[in-house]
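Structural overview for review
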Amino acid sequence: MTWYTHLKLGVKLLTSFSALVAITAFVGVFSVLKMKTVNDQSTIIADNWLPSVEKTSAMNTATSDIRIAQFLHVVSTTDEAMSGAEKDIATLTKSLDSIGTEYAPLISSDAERALYDRFTARWKEYTAEPPRVWRRLG
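Bear in mind that the values here come from a model prediction, so they are computed numbers and not experimental data.

1. What to know about the overall build of the protein chain
In terms of helices and strands, the protein chain carries 5 helices and 0 strands. Counting from the amino terminus, helix and strand elements in the protein chain follow one another as α-α-α-α-α. The globule rule puts the C-alpha radius of gyration for 138 residues at 14 Å, and the 31 Å found for the protein chain is more than 25% above it. Counting only C-alpha atoms and orienting by the principal axes, one finds that the protein chain spans roughly 105 × 30 × 20 Å. Buried residues in the protein chain amount to 17% of all 138 residues. Once local pairs closer than 6 in sequence are excluded, the contacts in the protein chain between residues at least 24 apart make up 61%. Charged side chains of the protein chain number 15 positive and 15 negative; the gap between the two group centres comes to 12 Å.

Rendered as structure tokens:
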């Protein structure tokens, strides 16, 4: 590096400034390329994962609401209340089926598909017949 010490001050400043500009340009280009990756990933989250999470949350709420309506049916003391609870169960079940239909195209992995298929199979098994407690009360 003895050649550098023999240069004039103006040349040293120009060399140093040029090196800083080159480093800054490299960092800028690198940052823009990485921002594209971040944008691509955030787009995937916004377009696929977030709607999936919203639908699964709605399915969870619907199943909970169905269970609550079933409870209200069991504890009802009048035929009107039981009939109202049965209507609620039917409405909520249609809603759950609709949400499931909207969710199915959003599934993006085999593991997610397996979980959804397991849920649907178990839910069909659960709703195949009225709960045992209804038969005992009836």
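2. What to know about the nonpolar core
Counting residues in each nonpolar core, the largest one holds 11 residues, listed as Met59, Ala62, Ile66, Ala69, Ile89, Leu96, Ile99, Tyr103, Ile107, Tyr116 and Trp123. Breaking this core down by element, the ones donating at least two residues are α2 (9–75), α3 (79–103) and α4 (110–127). When neighbours within four sequence positions are excluded, Ile99 is seen to be in contact with Lys55, Ala58 and Met59.

Conventions used here
- Residue positions are counted from 1 within each chain, in the order its sequence is given.
- Predicted model: local features are reported for residues with pLDDT of at least 70 only, side-chain atom pairs are reported and counted for 80 or more only, and whole-chain, interface and lining totals are derived from all residues.
- Working from all heavy atoms in the structure, the side-chain values ignore hydrogens and water.
- Here a strand is any run of E in DSSP of at least two residues, a helix any run of H or I of at least four, and the numbering for each starts at the N terminus.
- With the radius of gyration taken over C-alpha atoms, the globule rule is written as 2.2 Å times the number of residues to the power 0.38.
- Any residue under 20% of the maximum accessible area for its type is buried, any over 50% is exposed, and the rest in between are partly exposed; the area is computed with a 1.4 Å probe on protein chains only.
- The contact criterion used throughout is that any non-hydrogen atoms of two residues lie within 4.5 Å.
- Positive: Lys, Arg. Negative: Asp, Glu. His and the chain ends are not part of the count.
- Taken as the charge centre is NZ of Lys, CZ of Arg, CG of Asp or CD of Glu, depending on the residue.
- Definition of nonpolar core: a set of buried residues of the types Ala, Val, Leu, Ile, Met, Phe, Trp, Tyr and Cys, connected through side-chain atoms within 4.5 Å.

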